[in-house]
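# Descriptive analysis of the structure
Chain by chain, the residues run as shown.
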Amino acid sequence: MSQGRTLTFNIFRFDPQQPGDKPKMVSYQLDETPGMTVFIALNRLREEQDSSLQFDFVCRAGICGSCAMVINGLPTLACRTLTSKFAASQITLMPLPGFELIGDLSVNTGKFMREIAERLKLWLHPRGDAQDIHVLEAPMDPEEAAKLYELERCVECGVCVSACATKQMRETFVGAIGLMKIARFELDSRDARSADDFYHVIGNQDGVFGCMTLLGCQDNCPKDLPHMQQIAYLRRKMTSVLV
Amino acid sequence: MKIIYTDSLVVGAGLAGLRVAIASKERGLDTLVLSLIPAKRSHSAAAQGGMQASLGNTVKGMGDNEDVHFQDTVKGSDWGCDQHVARMFAHCAPKAVRELANWGVPWTRVTQGPREVVVNAEKVTIDEAEAAHGLINARDFGGTKKWRTCYTADGTGHSLLYAVDNKAIAMGIAVHERMEALKIIHDGKRCHGVIARCLITGELRAYIAKSTTIATGGYGRIYEVSTNAIICEGIGQALALETGVATLGNMEAVQFHPTAIVPVGILTTEGCRGDGGLLRDVDGHRFMPDYEPEKKELASRDVVSRRMTEHMRKGKGVDSPYGPHLWLDITLLGREHIETNLREVQEICEYFLGIDPAVDWIPVRPTQHYSMGGIRTNATGESPQLQGLFSVGEAACWDMHGFNRLGGNSLAETVVGGMIIGKYVADFGENNDLVVNTSLVEQAMGELRTEIESLIDGNGTENPYVLKREMQRIMMDYVGIFRNGPELDKAVAGLKSLLERSRNLVVKNKKRHANPELVEALRVRRMIKVALTVACGAAARTESRGAHAREDFPQRNDKDWLKRTLCRWPEANALEPEIHYEDLDVMQMELPPGYRGYGVDNAIPHPDTAIREAEIAVKLAALGEHADRYDQQQVLMSFDLPQELMPKNERLIDKISAQLGDKNS
């Protein structure tokens with residue numbers, strides 16, 4: 001842990017609701033303390049230097065996905081980024097690109113996620129009638145359950161979307177997050193949908209065939225989800241529908 | 001004035017709120033949810049360990065049922081809970097787990113055959129039955145007789161929240177995100193909705209509804225160091241308190257979790273100890289068996305937290321720049337187990353501490369964790385004072401936790417409570433009209449608008465961040481794990497002075513729309529009121545029960561204190577709440593107060609306990625020896641539930657005995 005450094009935070013500032021306001025970078029100085037994270041630093045800046053600074057944190061523990069932002073050029077979760085990680089004492093903070101800007105570092109990932117969930121119907125579509133909740137549950141292969149959990153660990157932070165060149169060029173592209181969720185339901189034996197059904201929502205340029213395989217999603221995913229593997233898998237599935 | 005009308009309004013989009021919303025929507029009621037943040041970011045997502053339900057699928061869960069779960073919960077509560085509610089809860093928990101499987105939760109499942117686990121620091125092989133293969137698994141947690149905590153690796157809250165929110169999206173339930181409810185609209189008898197402020201545009205809106213359900217979680221952030229998400233600030237409780245009519249229950253019952261990492265207070269799940277992790281001191285000594293030879297690391301949370309604090313007070317803590325701490329050692333579980341079942345813990349260790357928990361011990365200490373107190377409701381989840389105001393989950397004092405909550409019972413309460421109370425909320429919506437009284441709405445909105453104007457344009461001098469920090473420090477220093485009269489008096493005096501100062505707040509940032517400082521200012525004076533209910537309740541309760549431990553009154557005093565604390569704030573300008581009490585009736589209890597199983601039995605008995613015990617013996621004898629456990633339970637304490645939830649829960653053992661019965665016949 002480094003101590004005694006004075007850090008300079010270069011922070012993107014823009015209030016889209018303030019008439020006449022223009023985007024700009026503003027610098028703030030702060031003494032680094034042991035164990036300081038970007039969460040701690042931003043809160044101190046707001047409390048002590050600029051009470052108008054906007055940013056989002058909820059769990060501050062890397063669990064909820066609220067605080068994704070671009071830190072020194074890479075999108076990641078701010079809450080678990082230790083300032084000591086950066087050898088230089090300059091830290092530049094930008095909001096995630098590709099989402100509606102609320103102000104400064106705060107973006108509306110929630111609105112995007114709800115829209116994509118509705119568009120791709122990202123919920124379990126059960127086979128037949130629901131199981132009676134008063135009797136013994138239907139067994140499930142333990143390995144399948146474990147695999148499902150592996151794909152379900154996405155926290156909807158938006159990093160994959162902001163790191164995706166296709167998404168940045170074409171707003172209608174569903175992005176890694178939507179594809180990962182489709183893959184999760186495709187794998188689930190309880191889900192009634194077939195590859196054919198999924199083809200209708202992702203078997204096109206806005207879905208798996210639009211991906212340029214630049215790996216931005218997988219390289220930056222804070223949960224280390226296997227995005228490329230799932231996209232490749234879905235592509236093979238979708239191609240088999242065509243044959 | 002913008003008014004939005006709905007049948008069922010839910011404030012808070014965590015598991016409890018969403019589950020109530022689903023129950024309303026299922027009955028065809030127009031349903032609307034308000035949330036500070038996107039629903040999937042709610043604090044429910046942070047629950048790692050799991051949810052208790054007596055499925056009894058595993059070898060270590062065999063013999064488990066509603067009775068055992070009920071008894072564990074009542075003992076865990078230190079007899080402070082409402083036993084009817086605990087019964088309703090234990091009965092419905094298996095149903096909720098199975099329902100969640102229907103909605104897509106990938107519960108960790110049982111694999112048949114032998115597997116190695118760590119029990120009491122030793123590797124033990126357990127052999128799962130063939131018939132259990134693929135059924136829902138359970139792990140061990142503190143204070144439970146059986147392995148009962150159902151889980152998905154260590155991301156149970158995440159899995160549950162995503163499944164339940166997906167269900168809500170599938171049903172088309174509207175969630176108004178980034179909306180903060182700041183005032184309840186009421187006429188002193190009936191609740192009509194809330195006034196809320198949009199955190200993006202600053203717009204004030206009235207939401208008028210038949211029923212209003214507060215599901216805003218706990219109030220952990222009135223403390224300086226807490227495992228809670230930073231949005232768990234007790235605003236839901238403050239909303240109820242500020243009606244001047246509704247009461248809060250048992251606000252002094254605040255739980256400290258034994259194993260949050262130092263210094264930031266992020267939680268490592270109880271699953272660490274449940275799976276076999278140990279607590280060690282500065283010498284590497286495993287000290288818990290010295291204090292609690294039977295339950296060791298898996299004693300109830302309040303007990304473990306106090307033993308850790310005692311041990312550190314003896315000088316056995318590890319010194320650090322942030323004060324003393326102890327070690328949590330999960331190295332003996334092995335890398336494979338940690339990387340699959342405790343991966344969130346591993347990530348937290350890696351990112352916040354720079355250590356590898358498969359090799360290194362984790363620095364931990366007890367940290368504020370859970371609010372047993374909350375908006376007082378009756379068994380149907382409704383405020384006894386304000387008709388149409390419901391509360392559920394950690395926000396509520398439905399009171400299945402009493403003075404201490406067992407691990408795995410909070411996640412369970414969100415969905416089980418939501419399932420049960422949701423039906424009562426829907427009943428209310430079907431049986432009541434929407435009442436629209438625009439002058440009442442205008443009055444409530446006017447009050448909020450005036451408050452905001454005075455914060456922006458007034459000539460106050462106090463800084464909201466400064467007041468908040470002082471409040472948090474007072475709570476940490478004087479209303480912590482161990483409490484005593486002189487310190488609690490200091491806390492009450494300090495908080496009263498802060499409340500006075502909070503009437504003189506001002507913000508530097510004058511924006512009326514997105515303005516984080518204004519948000520803070522609106523919250524902090526409400527938080528100070530909530531803090532006062534905790535401190536005043538703790539000062540008045542001269543006994544020790546569950547998480548409320550008085551050094552000057554170490555005995556659990558059933559004779560004088562088998563009662564629930566109720567706080568009201570009838571005079572808006574008063575500096576402290578009005579406190580009164582409601583008795584817990586021993587003669588109605590299925591399980592009269594007894595020894596909880598930790599340390600010395602120093603309870604001062606209630607005079608009714610012996611009478612009730614004798615009565616129970618007579619009732620059971622009258623039933624005869626052939627009566628089954630359902631009949632016995634019914635005779636001792638019958639409880640009500642919505643009809644659809646009344647059927648018995650089938651278990652693996654029932655199925656096996658039925659098959660054996662078939663063969664025999």
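See above for the structure.
To start, this report covers the structure provided alongside it.

### Some words on the overall build of chain A
- The helix and strand inventory of chain A stands at 9 helices and 7 strands.
- Taking the principal axes of the C-alpha coordinates as reference, chain A spans close to 60 × 40 × 35 Å.
- Contacts in chain A between residues at least 24 apart in sequence constitute 62% of all its contacts with a sequence separation of at least 6.
- Counting every atom, chain A has about 10000 Å² of accessible surface; 54% of that belongs to carbon and sulfur.
- Averaging the coordinates of the 26 positive side-chain charges in chain A and doing the same for the 30 negative ones gives two points 4 Å apart.

### Brief notes about the pattern of salt bridges
All names here are of chain B.
- Counted by the stated rule, this structure contains 81 salt bridges over all chains.
- Across the salt bridge formed by Asp 302 and Arg 306, the nearest N and O atoms sit 3.3 Å from each other. Linking Asp 302 with Arg 306, this pair stays in helix 8 (residues 301-316), spanning 4 residues, or about one helical turn. You'll find Asp 302 and Arg 306 in the same group, each marked buried.
- Between Arg 545 and Glu 543 there is a salt bridge, and its shortest N-O distance comes to 2.8 Å.

### A word on the side chain of Arg 80 of chain A
- If you trace the backbone, Arg 80 of chain A turns up in the loop between strand 4 (74-77) and strand 5 (90-94).
- At 3.2 Å, the side chain of Arg 80 of chain A forms a polar contact with the side chain of Tyr 351 of chain B.
- Non-local contacts of Arg 80 of chain A, meaning those with residues more than four positions away in its chain, are made with Gly 62, Pro 222 and Lys 223 of chain A together with Glu 347, Tyr 351 and Phe 352 of chain B.

### What to know about the interface of chain B and chain A
- Contacts between the two partners involve 80 residues from chain B, matched on the other side by 68 residues from chain A.
- Buried area between chain B and chain A, summed over both chains or domains, comes out near 5900 Å², and the portion from carbon and sulfur atoms is 53%.
- On the surface where chain B and chain A come into contact, there are 9 salt bridges.
- Between Arg 80 of chain A and Glu 347 of chain B there is a salt bridge whose closest N-O contact spans 3.0 Å.
- Taken together, chain B and chain A are joined by 41 residue pairs in polar contact (both at pLDDT 80 or more).
- Counting only elements with at least two residues in the side of chain B that touches chain A, the list comes to helix 3 (83-102), helix 4 (156-170), strand 7 (174-177), helix 10 (343-353), helix 13 (464-478), helix 15 (516-540) and helix 19 (652-664) of chain B.
- Classifying every residue of the side of chain B that touches chain A gives 37 nonpolar, 21 polar and 22 charged.

### Focus on empty space enclosed by the protein
- This model, assessed by the stated rule, comprises 6 cavities of 30 Å³ or more.
- Of the voids in this model, the second largest cavity is the one considered here, and its volume is about 320 Å³.
- Lining of the second largest cavity is provided by 27 residues; of these, Glu 156 and Lys 181 of chain A together with Lys 40, Asp 165 and Asn 166 of chain B occupy positions nearest its centre.
- For the lining of the second largest cavity, the secondary-structure elements that each account for two or more residues are helix 2 (109-120), helix 3 (142-152) and helix 6 (175-187) of chain A together with helix 4 and strand 7 of chain B.

### Comments concerning the packing of aromatic side chains
All names here are of chain B.
- Using the criterion set out here, one finds 8 aromatic pairs over all chains in the structure.
- Taking 6.4 Å as the distance between ring centres and 85° as the angle between the ring planes, the aromatic pair formed by Phe 287 and Tyr 291 counts as edge-to-face.
- A relative accessible area of 0% means that Phe 287 is categorised as buried.
- For Tyr 291, a relative accessible area of 13% translates into the label buried.

### Focus: the state of the cysteines
- Considering all chains together, one arrives at 0 disulfides over all chains under this definition.
- In this structure Cys 79 of chain A is a free cysteine whose sulfur lies 3.7 Å from that of Cys 67 of chain A, the closest cysteine sulfur available.
- Here Cys 397 of chain B is not disulfide-linked; the sulfur of Cys 81 of chain B is the nearest cysteine sulfur, at 10 Å.
- Here Cys 397 of chain B falls in the buried class, since its relative accessible area comes to 0%.

### Looking at the sheet that holds strand 3 (residues 68-71) of chain A
All names here are of chain A.
- On the basis of which strands lie adjacent, the open sheet formed by 5 strands has the order 2-1-5-3-4 and mixed pairing. Two strands lie at the open edges of the sheet, namely strand 2 (24-31) and strand 4, each paired on one side alone. In this sheet, neighbouring strand axes are inclined to one another by 35° on average, regardless of whether the strands run parallel or antiparallel.
- The strands that helix 1 (residues 38-48) touches are strand 1 (6-13), strand 2, strand 3 and strand 5; relative to strand 2, the one it contacts most, it runs at about 100°.

### Things to note about the side chain of His 257 of chain B
Residues and elements named next belong to chain B.
- Here His 257 lies in strand 12 (residues 254-261).
- The buried category is assigned to His 257, whose relative accessible area is 0%.
- In terms of polar contacts, His 257 uses its side chain to reach the backbone amide nitrogen of Thr 259, at 3.1 Å.
- Setting aside residues up to four positions removed in sequence, His 257 forms contacts with Leu 267, Thr 268, Glu 270, Arg 273, Arg 301, Ser 305, Arg 365, Pro 366, Thr 367 and His 369.

### Re the sheet that holds strand 11 (residues 248-249) of chain B
Residues and elements named next belong to chain B.
- Taken in spatial order, the 5 strands make up an open sheet running 18-16-11-21-22, and their pairing is mixed. Two strands in the sheet have a free side with no partner beyond their single neighbour: strand 18 (396-397) and strand 22 (578-583).
- Summarising the sheet, strand 16 (residues 374-376) and strand 18 pair through 2 bridges and their orientation is parallel. Within strand 18, the position partnered with Ile 375 by the bridge is Ala 396.
- Across the sheet, helix 15 is in contact with strand 11, strand 21 (563-568) and strand 22; its angle to strand 22 comes to roughly 60°.

### Concerning unusual backbone geometry
- Of the consecutive residues Val 262 of chain B and Pro 263 of chain B, the connecting peptide bond is found in the cis state with omega at 5°.
- The topology assignment puts Pro 263 of chain B in the loop between strand 12 and helix 6 (271-274).
- One non-glycine residue, Thr 213 of chain A, lies in positive phi territory at about 60°.
- With respect to the helices, strands and loops of the structure, Thr 213 of chain A is situated in the loop between helix 7 (195-202) and helix 8 (216-220).

### Things to note about helix 15 of chain B
Residue and element names in this part refer to chain B.
- With 25 residues, helix 15 should cover 36 Å at 1.5 Å per step; its first-to-last C-alpha distance of 36 Å lies within 8% of that length.
- Of all 25 residues in helix 15, 23 are buried; the element is thus mostly enclosed.
- The N-cap residue of helix 15 is Asn 515: its side-chain oxygen and the backbone nitrogen of Glu 517 are 3.1 Å apart.

### Quick word on the packing of helix 3 of chain B against helix 11 (residues 409-431) of chain B
All names here are of chain B.
- Interaxial distance between helix 3 and helix 11 falls to 9 Å at its minimum, and their mutual angle equals 95°. Relative to helix 11, helix 3 is oriented roughly perpendicular. Facing Met 88, Phe 89, Cys 92, Ala 93, Lys 95, Ala 96, Glu 99 and Leu 100 of helix 3, the residues of helix 11 in contact are Asn 409, Ala 412, Glu 413, Val 415, Val 416, Met 419, Ile 420 and Tyr 424.
- Taken together, the residues of the contact of helix 3 with helix 11 sort by class into 12 nonpolar, 1 polar and 3 charged.

### Focus on helix 3 of chain B
Residues and elements named next belong to chain B.
- Between its terminal C-alpha atoms helix 3 stretches 29 Å, which fits the 28 Å expected from 20 residues at 1.5 Å a residue.
- Maximal helix bending in helix 3 amounts to about 40°, located at Cys 92; proline Pro 94 follows within four positions.
- Most of helix 3 is tucked away: 19 of the 20 residues are buried.
- Where helix 3 begins, the capping side chain belongs to Asp 82, and its oxygen is found 2.9 Å from the backbone nitrogen of His 84.
- One or two positions beyond helix 3, positive phi appears at Gly 104, with a value near 115°.

### Focus on the pairing of strand 1 of chain A
All names here are of chain A.
- Within strand 1, 7 of the 8 residues are buried, which leaves the element mostly enclosed by the surrounding structure.
- Direction of pairing for strand 1 relative to strand 2: antiparallel, over a ladder of 8 bridges. Looking at strand 2, one finds that Phe 9 is bridged to Tyr 28.
- By the bridge criterion, 4 bridges tie strand 1 to strand 5 in an arrangement that is parallel. By the bridge assignment for strand 5, Phe 9 is matched with Ile 91.

So, how was this worked out
- Residues numbered from 1 in each chain as written.
- Chains lettered and ligands numbered in written order.
- Predicted model: local features only at pLDDT ≥ 70, side-chain atom pairs only at ≥ 80, totals over all residues.
- Heavy atoms only, no water.
- Helix = DSSP H or I, 4+ residues; strand = E, 2+ residues; numbered from the N terminus.
- Contact = heavy atoms within 4.5 Å.
- Areas by Shrake-Rupley, 256 points an atom, 1.4 Å probe, with all protein chains shown as cover.
- Lys, Arg positive; Asp, Glu negative; His and termini not counted.
- Charge placed at Lys NZ, Arg CZ, Asp CG, Glu CD.
- Salt bridge = Lys/Arg side-chain N within 4 Å of Asp/Glu carboxyl O.
- Buried < 20%, exposed > 50% of the residue type's maximum accessible area, 1.4 Å probe, protein only.
- Polar contact = N/O pair within 3.5 Å; in protein donor to acceptor, adjacent residues only side chain to side chain.
- Buried area = accessible area lost by both parts, 1.4 Å probe.
- Nonpolar A, V, L, I, M, F, W, Y, C, P; charged D, E, K, R; others polar.
- 1 Å grid on protein atoms, 1.4 Å probe; cavity = no way out; pocket = protein on both sides within 12 Å on 5 of 7 lines; lining within 4 Å.
- Points joined across faces, edges and corners; volume = space filled by probe spheres on them.
- Phe/Tyr/Trp six-rings, centres within 6.5 Å; stacked < 30°, edge-to-face > 60°.
- Disulfide = S-S within 2.5 Å.
- Pairing = 2+ DSSP bridges.
- Axes fitted to C-alpha atoms, helices over the stretch in contact; angles between N-to-C directions.
- Expected span 1.5 Å × (residues − 1).
- Parallel < 35°, antiparallel > 145°, perpendicular 65-115°, else oblique.
- Bend = angle between axes of the 7 residues up to and from the residue.

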